[in-house]
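# Coordinate inspection notes
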Amino acid sequence: MASQEQLSAIKRAKVLMVGAGGIGCELLKTLALSGFQDIHIIDMDTIEVSNLNRQFLFRQSHVGQSKAKVARDAVLRFRPNISITPYHANVKESRFNVDFFKEFDVVLNGLDNLDARRHVNRLCLAADIPLVESGTTGFLGQVTVHLKGKTECYECQPKPAPKTYPVCTITSTPSKFVHCIVWAKDLLFAKLFGDKNQENDLNVRSSDTANSSEHSEDVFECRKDEDIERYGRRIYDHVFGHNIEVALSNEETWKNRNKPRPIYSKDVLPEKQTKENGNKEKGCAADDVSAMVSLSLKNPQDIWNLVENSRVFLEALRLFFLKREKDIGNLTFDKDDQLAVEFVTAAANIRASSFGIPLHSLFEAKGIAGNIVHAVATTNAIIAGLIVIEAIKVLQKDNNNYRMTYCLEHPSRKLLLMPVEPYEPNRSCYVCSETPVSLEVNTQRSKLRDFVEKIIKAKLGMNFPLIMQGASILYEVGEDLEEDMVAIYAANLEKALSELPSPVTCGSVLTVEDLQQEFSCSINIKHREEFDEEKEPDGMLLSGWVEAPVDKDNNKPIGNDESTSNALPSGETLEGEKDDEIQETSEVVEAFTGKKRKLSEVSEVTAPDPSGPSSINQNKPKKLDIDDEADELIISDDWESLTKKKKL
């Protein structure tokens with residue numbers, strides 16, 4: 001039962017919720033039932049059928065409508081006397097600026113992407129408003145509290161970089177099914193149905209040999225008056241047959257590897273059989289643009305054999321050209337596009353069959369291609385309740401009792417919820433501590449456009465950057481710019497850094513600001529001639545920002561985007577490892593509380609800690625940073641790391 005003091009704080013509070021999805025629906029209900037009187041909700045999404053299994057404020061009749069508005073109407077039916085203001089909009093719109101955030105007592109996040117989370121974090125810092133952050137993935141979840149100057153901000157700790165794979169592994173020597181998925185999704189699908197002007201490595205193997213001119217000419221282009229059936233077989237034979245034979249010609253590659261086998265359509269599907277199937281299936285394909293429907297394959301959890309995958313491959317390609325020809329040339333892979341998922345699944349399985357890799361069902365392949373982990377409604381409800389508990393503490397300024405709480409999948413020593421005291425700000429954080437970062441770059445070759453897209457937007461998360469060197473403005477975006485300035489800045493984008501009006505060379509210091517976020521950052525430039533194309537594909541190296549550390553044993557980044565099972569004691573181990581290597585929960589809690597400084601101690605510190613921020617945070621659990629949207633959660637590009645059990 002809430003005390004009178006708590007009820008008073010709740011009733012006079014003005015709360016901003018960002019996100020009205022899986023967590024958001026539970027959160028709005030809990031806020032309303034807890035006595036909150038003034039709630040504002042921002043969400044840009046509309047309701048989809050897949051939301052209905054757990055976003056309980058929505059019904060079938062609401063599909064296509066605004067989540068924020070429907071959620072408001074649903075809650076007002078059982079709490080009609082409270083004020084709920086919905087915004088069907090993107091939180092990054094200019095109207096949601098620092099002044100807007102200053103109107104609220106606390107901000108509660110139920111977001112589904114890293115970019116929006118970083119944006120809200122910076123606005124809360126600029127407005128000096130407390131932020132309660134959250135995330136779930138399956139049975140795992142977390143709630144964290146962020147207060148300017150008192151606790152770490154959302155960006156104080158590392159976020160893992162997306163998992164990437166060497167081009168040579170994808171195009172030549174796949175060893176895992178995920179390699180086949182990446183090949184099918186990012187190379188073959190893009191080559192056949194995506195931007196024709198975009199460079200693609202799919203033809204690397206066929207163009208390396210002198211006797212392959214007929215194949216490298218433009219095998220992926222459908223010739224005039226060419227039958228779709230014949231075109232599909234030609235593509236099939238090229239990518240699964242000819243390209244594999246070309247790869248086999250390099251004997252050195254296969255000395256210590258199992259050799260793949262070329263697969264040709266005539267060996268799997270005789271032409272007579274395919275024509276009979278095609279004639280029989282054309283009727284049912286007219287209304288349903290799905291290869292599975294055409295071929296009467298009903299269960300997406302069945303693992304198709306090579307013949308079935310080959311039939312799905314050819315049928316999906318045929319349907320793209322017959323039913324969706326206007327989309328060809330502009331398509332990108334979408335996990336919600338049934339025909340695209342069918343094509344990618346079949347292509348990946350055929351390639352896997354060639355390389356001796358176990359085949360997967362469409363359900364599994366969709367999960368890998370879309371980085372999907374399915375949501376659990378109960379977890380969302382638990383996390384929403386924890387958000388409200390922390391929000392009430394924030395409103396009461398109960399600094400000593402703030403907790404970061406982690407929801408575990410398996411109880412260990414009778415703990416399913418692990419509360420941990422918040423950590424002090426990371427003094428090397430470029431966001432809340434304004435520490436300069438350094439950039440190694442070839443100033444003579446790299447263009448300003450590369451710097452803006454790969455560093456300022458992709459890594460530093462700025463949306464409307466203003467780039468200055470001293471008093472000279474090198475680049476700016478904004479609706480109020482005059483046309484001549486827009487032209488000047490557009491021209492600057494195509495210039496190398498050293499060729500700018502105020503040349504950027506070794507030793508230059510750039511100041512980058514985002515006026516909407518009221519955030520600025522200094523970047524020290526260091527010239528570097530060469531970069532490793534495999535390890536440093538951007539041709540630039542940013543240091544001093546909170547970059548994800550690497551788990552050397554697994555050769556993968558670890559950090560806030562990881563599942564809690566990789567950060568908290570869940571009683572799980574990596575496959576093949578011993579159980580006696582696991583730390584028990586009590587030992588981990590002791591490590592957390594014994595090797596960090598409590599918030600109550602921070603105010604007593606009069607001099608910087610010589611050990612630096614890394615020693616402060618090295619024993620803390622790594623936080624989730626995951627989506628609660630739709631019926632799935634995007635959390636990592638490394639699917640195998642999600643499906644394997646892990647050691648603490």
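Structure: see above.
Here we summarise the structure given alongside this text. The shown structure was predicted, so the numbers you read here are calculated from the model rather than taken from an experiment. (Residues numbered from 1 in each chain as written. Predicted model: local features only at pLDDT ≥ 70, side-chain atom pairs only at ≥ 80, totals over all residues. Heavy atoms only, no water.)

This part covers the overall build of the protein. A tally of regular secondary structure across the protein gives 22 helices and 18 strands. In the protein, which comprises 648 residues, the share counted as buried stands at 53%. Intrachain contacts of the protein at a sequence separation of at least 6 include 70% that bridge at least 24 residues. Within the structure as shown, the protein displays about 29800 Å² of accessible surface, and the carbon and sulfur contribution to it stands at 47%. (Helix = DSSP H or I, 4+ residues; strand = E, 2+ residues; numbered from the N terminus. Buried < 20%, exposed > 50% of the residue type's maximum accessible area, 1.4 Å probe, protein only. Contact = heavy atoms within 4.5 Å. Areas by Shrake-Rupley, 256 points an atom, 1.4 Å probe, with all protein chains shown as cover.)

A few words now on the packing of aromatic side chains. Tallied over the full model, the rule gives 21 aromatic pairs. Ring centres 5.8 Å apart and planes at 55 degrees place the aromatic pair Trp183 and Phe240 in the tilted group. One end of the pair, Trp183, is in helix α7 (residues 177-193); the other, Phe240, is in helix α9 (residues 228-248), and 57 residues separate them in sequence. Summarising the burial analysis for this pair, Trp183 and Phe240 share the class buried. Through successive ring pairs, a cluster of aromatic residues spans Trp183, Phe189, Phe193, Tyr231, Tyr236, Phe240, Phe313, Phe320, Phe321, Phe333 and Phe343. A cation sits over an aromatic face here: Lys14 above Phe104, 5.2 Å from the ring centre. The ring centre of Trp183 lies 4.5 Å from the NZ or CZ of Arg351, which sits over that ring. (Phe/Tyr/Trp six-rings, centres within 6.5 Å; stacked < 30°, edge-to-face > 60°. Lys NZ or Arg CZ within 6 Å of the ring centre and 35° of its normal.)

For the rest of this paragraph, the subject is helix α15 (residues 362-370). Structural remark: α-helix, 3.6 residues per turn; residues separated by three or four positions point the same way. Buried within α15 are the following residues: Leu362, Ala365, Gly367, Ile368, Ala369 and Gly370. Once α15 ends, the next one or two residues include Asn371, with phi positive near 55 degrees.

The phi torsion at Asp128 lies on the positive side, around 55 degrees, for a residue other than glycine. Secondary-structure assignment places Asp128 in the loop between α5 (114-127) and β5 (131-137). The backbone of Glu434 sits at a positive phi, close to 55 degrees, despite the residue not being glycine. Residue placement: Glu434 occurs in the loop between β9 (415-420) and β10 (437-441).

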